[in-house]
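# Structural description and commentary
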Amino acid sequence: NYNRLVCCITKFVRLFVSLLQVRAGSRALYRPLSASVLSRPEQQTQSGVAVIPQSPLTQATLRGFQTSAISRDIDTAAKFIGAGAATVGVAGSGAGIGTVFGSLIIGYARNPSLKQQLFSYAILGFALSEAMGLFCLMVAFLILFAM
């Protein structure tokens, strides 16, 4: 029993340490390049020149974070394309509102005594359709200005 407990604790500690190492490695990838360069551990050699220890984590941290003008242009174009695709829902909202009020007119022509009830349903349909259009517009603005 005691050996099993020690074995389980050992496995848990190994798993916990490996998760911490993975998390530390992924956190280092999110840091800006300047922070990675300035906080690197350096070792002094006999000639007095600092040598950076090479590990997979250091190599991944030092990978290029450079963005060129072409890359920024592609990002800007992608934003505009995404915002344009998101605004397509506004046209669907307009079609939905037209359908709702067209159906209101047809329903009123068939049964004029239900005018008040049909109108309340039409207003509800208008509000839901308009809300979907506004959500699409909001997503387009988020794509353009928040990213």
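Just above sits the structure.
Now for a look at the structure at hand. In this text the structure is predicted, and so the values were computed from the model without any measurement.

A word on the overall build of the protein chain. Each helix and strand counted, the protein chain has six helices and two strands in total. Its helices and strands in sequence order give the protein chain the pattern α-α-β-β-α-α-α-α, from N to C terminus. Counted over contacts in the protein chain with a minimum sequence separation of 6, partners at least 24 positions apart contribute 64%. Within the structure as shown, the protein chain displays about 11,600 Å² of accessible surface, and the carbon and sulfur contribution to it stands at 68%.

To continue, consider helix α6 (residues 115-145). Here α6 contains 31 residues, and its C-alpha end-to-end distance of 44 Å stays within 8% of the 45 Å for a straight helix at 1.5 Å per residue. Taken residue by residue, α6 has A122, G125, S129, G133, A140 and I143 as its buried positions. Residues of α6 that are buried in the fold lie against α4 (69-86) and α5 (88-110).

Now for the side chain of S129. The topology assignment puts S129 in helix α6. Judged by its relative accessible area of 13%, S129 falls in the buried class. Not counting residues within four places of it along the chain, the set of residues in contact with S129 comprises S93, G96 and I97.

Enumeration according to the criterion identifies two aromatic pairs in this entry. For the pair F101 and F126, a centre-to-centre distance of 5.9 Å together with 55° between the ring planes defines the contact as tilted. Taken as a pair, F101 in helix α5 and F126 in helix α6 lie far apart in primary sequence, 25 residues in all. Ring geometry for F141 against F145: centres 6.2 Å apart, planes inclined by 20°, an arrangement best described as stacked. Taken together, the residues span about one helical turn, with F141 and F145 both in helix α6 at a distance of four residues. The partly exposed category is assigned to F141, whose relative accessible area is 45%. With relative accessibility at 67%, the residue F145 sits in the exposed group.

Two numbers describe how α4 lies on α6: the axes approach to 8 Å, and their chain directions differ by 175°. Viewed along their axes, α4 and α6 adopt a mutual orientation that is roughly antiparallel. Here K79, F80, G82, A83 and A86 of α4 lie close against α6, whose contacting residues are C136, V139, A140, I143 and L144. Considered class by class, the residues forming the contact of α4 with α6 number eight nonpolar, one polar and one charged.

Quick look at a nonpolar patch on the surface now. On the surface, a nonpolar cluster with roughly 490 Å² of combined accessible area is contributed by V90, L134, L137, F141 and F145. Among the elements that make up the nonpolar patch, the one with the highest residue count is α6 (four residues). On the secondary structure map, L134 appears in helix α6.

Cut-offs applied
Residues numbered from 1 in each chain as written. Predicted model: local features only at pLDDT ≥ 70, side-chain atom pairs only at ≥ 80, totals over all residues. Heavy atoms only, no water. Helix = DSSP H or I, 4+ residues; strand = E, 2+ residues; numbered from the N terminus. Contact = heavy atoms within 4.5 Å. Areas by Shrake-Rupley, 256 points an atom, 1.4 Å probe, with all protein chains shown as cover. Expected span 1.5 Å × (residues − 1). Buried < 20%, exposed > 50% of the residue type's maximum accessible area, 1.4 Å probe, protein only. Phe/Tyr/Trp six-rings, centres within 6.5 Å; stacked < 30°, edge-to-face > 60°. Axes fitted to C-alpha atoms, helices over the stretch in contact; angles between N-to-C directions. Parallel < 35°, antiparallel > 145°, perpendicular 65-115°, else oblique. Nonpolar A, V, L, I, M, F, W, Y, C, P; charged D, E, K, R; others polar. Patch = residues over 30% accessible without salt bridge, like charges linked within 9 Å, V, L, I, M, F, W, Y side chains within 5 Å. Salt bridge = Lys/Arg side-chain N within 4 Å of Asp/Glu carboxyl O.

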